[in-house]
Amino acid sequence: MRGRLADRYAETIVGHSKLVIVCLLVLTAVIAAGAAVGETEDGGIGQFDVDSDETRALEEIEDTYDTDDRVVTQIVVRDEGGDVLTRESLLESLELQQEVRANETLNATLSEEGFVGLENVVATGAVFEDRAAEANGPPDTSHPTLEEQIGALEDRSDEEVEELLAAVLDPDADTQGEDPYEFLPTEYEPRETTAESRITFLFQIDDSGDDEEPQAAYDAQVAIDELVEERFDDAFVFGQGITDAASSSAVGDSFAIITPVAFVLVLGVLAITYRDVVDVLIGLFGIALVMAWLAGIQGWLEVPSSQLLIAVPFLLIGLSIDYSLHVVMRYREARNGLLEEEPPEGTETDGPIEDGGYLDAGRGMALGLAGVVLALAAATFSTGVGFLSNYVSPLPAIQDFALLSAGGIFATFVVFGALVPALKVEVDRVLESRFDRDRRKQPFGRGTGLVNRALSRGVAVARKAPLAVVLVALLLAVGGAYGATGIDTEFNQTDFLPEDAPEWAKSLPGPLAPDTYTISDDAAYLGENFQERGEGSQSQILLEEGITDPETLVAIENATASVEGNTTIAARSDGTAAVESPVRVLRELAGENESVATALEERDTTGDGLPDEDLAGFYDVLYEADEEAASAVLHRTDGGEYDSARLLLSVRGDAAAQDVADDTRDVASLIESDAPVAATAAGGPVTTAVIQDALLETLVQAFAVTLAVILAFLTVLYWVRHRALTLGAITLAPVVAALAWLLGTMALLDVPFNSETAVITSLAIGLGVDYSIHVGERFVAERGERDTLEAALTATVTGTGGALLGSAATTAAGFGVLALALAPPLQRFGLVTGLSIIFAFIACLTVLPCLLVLRERALARLA
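Here the structure is a predicted model, which means the values were calculated and not measured. (Residues numbered from 1 in each chain as written. Predicted model: local features only at pLDDT ≥ 70, side-chain atom pairs only at ≥ 80, totals over all residues. Heavy atoms only, no water.)

Student: Can you lay out the overall build of the protein chain for me, pointing to particular residues and giving the numbers?
Tutor: Helix and strand counts for the protein chain come out as 30 helices and nine strands. By element, 54% of the accessible surface of the protein chain is carried by carbon and sulfur atoms, the whole surface being about 37000 Å². (Helix = DSSP H or I, 4+ residues; strand = E, 2+ residues; numbered from the N terminus. Areas by Shrake-Rupley, 256 points an atom, 1.4 Å probe, with all protein chains shown as cover.)

Student: A description of the confidence of the model for the protein chain should follow, citing residues and the corresponding values.
Tutor: Of all residues in the protein chain, 89% attain a pLDDT of 70 or more, and the chain-wide mean is 83. Mean pLDDT in the protein chain bottoms out at helix 18 (residues 503-506), which sits at 70, and peaks at helix 2 (residues 17-32), which reaches 96. Note on residues 42-47: pLDDT is under 50 here. Beyond four places in sequence and across chains, it has nine contacts. Overall, residues 340-357 carries pLDDT values under 50, and its contacts beyond four positions in sequence, including any with other chains, amount to 27 contacts. (pLDDT = per-residue confidence, 0-100. Contact = heavy atoms within 4.5 Å.)

Student: A description of the packing of aromatic side chains should follow, citing residues and the corresponding values.
Tutor: Using the criterion set out here, one finds eight aromatic pairs in the structure. A ring pair is formed by phenylalanine 618 and tyrosine 619, whose centres lie 6.5 Å apart and whose planes are at 55°; its orientation type is tilted. Residue classification places tyrosine 619 among the buried residues on the basis of a relative accessible area of 1%. Between tyrosine 619 and tyrosine 642, the ring centres sit 5.3 Å apart and the planes meet at 70°, which makes this aromatic pair edge-to-face. With a gap of 23 residues between them, tyrosine 619 in helix 23 (residues 615-625) and tyrosine 642 in strand 8 (residues 642-650) connect regions that are remote in the sequence. Since its relative accessible area comes to 9%, tyrosine 642 is described here as buried. One aromatic cluster in this structure is built from Phe618, Tyr619, Tyr623 and Tyr642. Across the ring face of tyrosine 525, the terminal group of arginine 78 is positioned such that the distance to the ring centre comes to 4.6 Å. One Lys or Arg, arginine 636, reaches over the ring of tyrosine 623 and ends 4.1 Å from the middle of that ring. (Phe/Tyr/Trp six-rings, centres within 6.5 Å; stacked < 30°, edge-to-face > 60°. Buried < 20%, exposed > 50% of the residue type's maximum accessible area, 1.4 Å probe, protein only. Lys NZ or Arg CZ within 6 Å of the ring centre and 35° of its normal.)

Student: Provide a residue-level description of helix 22 (residues 594-603), including the pertinent values.
Tutor: Inspection of helix 22 places Val596, Ala599, Leu600 and Arg603 among the buried residues, and these make up the whole buried set. Buried residues of helix 22, seen end-on, are gathered within an arc of 100° and therefore sit on one face of the element. In helix 22, the exposed residues that point more than 90 degrees away from the buried face are Glu594, Glu601 and Glu602. (Arc of directions from axis to C-beta.)

Student: Could you give an account of the packing of helix 17 (residues 466-484) against helix 27 (residues 727-748), with specific residues and numbers?
Tutor: Two quantities define a packed helix pair, namely the angle between the helix axes and the distance between the axes. Where helix 17 contacts helix 27, the two axes come as close as 7 Å, and the packing angle between them is 45°. Taken together, the axis directions place helix 17 and helix 27 in an arrangement best described as oblique. Relative to helix 27, the crossing made by helix 17 is left-handed. For the pair formed by helix 17 and helix 27, the contact residues are Ala473, Leu476, Ala477, Gly480, Ala481, Gly483 and Ala484 on the first element and Ala737, Ala740, Trp741, Leu743, Gly744 and Ala747 on the second. Taken together, the residues that form the contact of helix 17 with helix 27 break down as 10 nonpolar, three polar and no charged. (Axes fitted to C-alpha atoms, helices over the stretch in contact; angles between N-to-C directions. Parallel < 35°, antiparallel > 145°, perpendicular 65-115°, else oblique. Left-handed = near helix turned anticlockwise from the far one by under 90°. Nonpolar A, V, L, I, M, F, W, Y, C, P; charged D, E, K, R; others polar.)

Student: Let's hear about a negative patch on the surface: which residues, and what values?
Tutor: Taken together, the side chains of Glu88, Asp158, Glu159, Glu160, Glu162 and Glu163 define an acidic patch exposed on the protein surface. The biggest single contributor to the negative patch is helix 9 (residues 158-168), with five residues. (Patch = residues over 30% accessible without salt bridge, like charges linked within 9 Å, V, L, I, M, F, W, Y side chains within 5 Å. Salt bridge = Lys/Arg side-chain N within 4 Å of Asp/Glu carboxyl O. Lys, Arg positive; Asp, Glu negative; His and termini not counted. Charge placed at Lys NZ, Arg CZ, Asp CG, Glu CD.)

Student: For unusual backbone geometry, give the residues involved together with the corresponding values.
Tutor: A positive phi angle is found at arginine 723, which is not glycine, with a value near 55°. Counting through the fold element by element, arginine 723 comes out in the loop between helix 26 (684-722) and helix 27.

Student: Break down the pairing of strand 2 (residues 110-117) for me, citing the residues and quoting the values.
Tutor: Strand 2 sits mainly inside the fold: six of its eight residues count as buried. As paired strands, strand 2 and strand 3 (residues 197-204) are joined by four bridges and run antiparallel to one another. Pairing of glycine 117 across the sheet is with threonine 200, part of strand 3. (Pairing = 2+ DSSP bridges.)

Student: Go over the pattern of salt bridges, please, and point to the residues and values.
Tutor: Summed over all chains, the structure comprises 35 salt bridges. Taking the shortest distance from any N to any O, the salt bridge between glutamate 148 and arginine 131 comes out at 3.3 Å. Highlighted residues: glutamate 148 in helix 8 (residues 146-154) and arginine 131 in helix 7 (residues 118-134), separated in sequence by 17 residues. Counted as one network, the salt bridges with shared partners bring together Asp276, Asp279, Arg332, Lys424, Asp428, Arg439 and Lys441.

Student: Kindly report on the nonpolar core, identifying the contributing residues and their values.
Tutor: Core analysis: the largest hydrophobic core is formed by 133 residues, its most contacted members being Leu315, Leu369, Trp741 and Tyr771. In this structure, Leu91, Leu96, Leu146 and Leu526 belong to the second largest nonpolar core, which totals 61 residues. (Core = buried A, V, L, I, M, F, W, Y, C linked by side-chain atoms within 4.5 Å.)

Student: Any chance you could break down helix 27 for me, citing the residues and the numbers?
Tutor: Here helix 27 spans 33 Å end to end across 22 residues, near enough to the 32 Å set by a 1.5 Å rise per residue. Phi for aspartate 750, located one or two positions after helix 27, is positive at around 60°. (Expected span 1.5 Å × (residues − 1).)

The following block contains the structure:
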């Protein structure tokens, strides 16, 4: 018999159904108001902050050094098999710059430096040649205007431009401070006057607030990209604004494709499962209320939006469908007399139960809800814990995800454990009394249909070969756990860029046809062929203590000279590592400034080109000669002391963040081992790697906390209710197996573990425990009412299994269609979540019944 608490709860809901509906609708309105009241701005990547030495070092750098906060746009011109160093191509780029400058809106976003490219270096050289030829005295050395540059190239023939280009590309040439090789591919051979591609850098102003993105500059990037497409046959613009626009457009195109597909699939599965329009509409209404709660909770708690929160609505839709199916199917079983329980004396039925009579709507709901509400409550607690366990994460965005998910799961229980049952009772009463509609429906999975026969075969396997099934599941779980050790945890920004749509998608009619996306290929080309600038293109090393010790400069030189070509650190045209450091600055200034050269000669006692004494005095000379260059790598306090230095390491754009972090830390370790300094790796890629490590830590912590809490809860629950000490562990075992299968599959499919898959343990455990509890609770109830183990198992699997099948099919379809998305994060999230649902369903209807059979047989032997 069911517990008195569940009976009283169900009868209260049914007995006061109208009051329950009104009260909960009012409560929903109050909570949903939070969506308009609260602040839920996009938290962005800033929400992924981690307290670490690396982030502390980066904050110290930002506080003490003049960091380059300009927005960098990169324009690549290509001609595969041809030449982009022709007079015509160089002029085309200069005219593009002129067109951008002529546009007031675009020009307003440009910094003083503006465009810097090989075309400018060559044209500037041409202007200086003209000035030297025309001057009677010393030639004008001021920087030429863009109009002068264009005019100088237009006045020259193709042959003259090629000669000028050869002079500019002479490694010994003076190009007014610009290195022409940085605008050419890394494979470019010095002195060649042809190249298949070149790059131009555009520096823009970030005039936004400290906590805001430079949207005006980003919008300008998109507009400039359109101008580039008009002028060049093969060229592209790359920058954060371009990637943001492409990603946003890809998400929109993705949902334009997958929304109708998902809608048709979900409605189709619901129609097959419910076979009743009214029940489908009630379920959809309940889902809408849960979404209103979710938006309200997010607003009231002021949880900022982030890329992780896209998972929460899908999760709650899946749980809502699951809860709705269990409530409705148990209600149908009760009304059709399939619960093997006689109604209380005085309850009116339409004929005897055994003759096909049925309970009225109120009593049927009271009986059905009482049989499922404790399982729903237990699943809510366990699923909530599964997600709330992520609150131990050091990442604020993961903490927000955990909090919002737990709140949404509670809302799902309130809506489908109280409001929907009350609403269904009222709707069925009205339809039966006023419209004479027969509301009896066969539960999904019961009867003699295909689904029932398939579920019954599962019962036969569980009864005949339970040990074999468990052993196979265990072997697969062990293999999955082993495979999980090889899951890629590296973070590469290119993994998040949208991919071009397949041909079938492009052939879709009208608004459904997606745009063409080359951003991913462009990023790969840029990373493979050029030394990038801009966000994420540099890592840094902060040096503290011992800054004026001569050993520090020696250690810096040795460490940077030891960087091998196969690392993530980019190389200059001369083959040396692209590292800006105090050593490089002092040598450059010594070659240009006589006072610096003299000061260096006086202090270099070993002849290695580095000062060996009075470094503080030498650094003062550097500041006097070029304060901007010196202050970029050395920090001088107001008292004139030098308390820190930094190295800036240019890194390959296609390198994974973890690889960049490892290489940067290696250089820092070499410096620290040879000098009395504290060297700390920092910079965007290093911080990203730290975040990824924290995500992996989240996986381990959430997994441990979730398993421990849920196991303890289920053990206590089953002991208090059924005096069964082992049922908790048995109920949880299939969930662990399903998670191991999932992680192994991720390794096989080469799905990385990153920000959108970081919550996979919560999804797998949360949904898996929900399914498992329903099966376990139903089995215990049926075992007490049936004469044989087989009868109890059959009633459990065909009854609850039908609801689980409908739920799993619906939610897996809803998630699975995300694999059709153009945005890789959506693809991975949909694939992984869909697989987690399928594995959880399979484990709960194969492994769990077998474990229950083995437990029953073991208890029988001990009796």
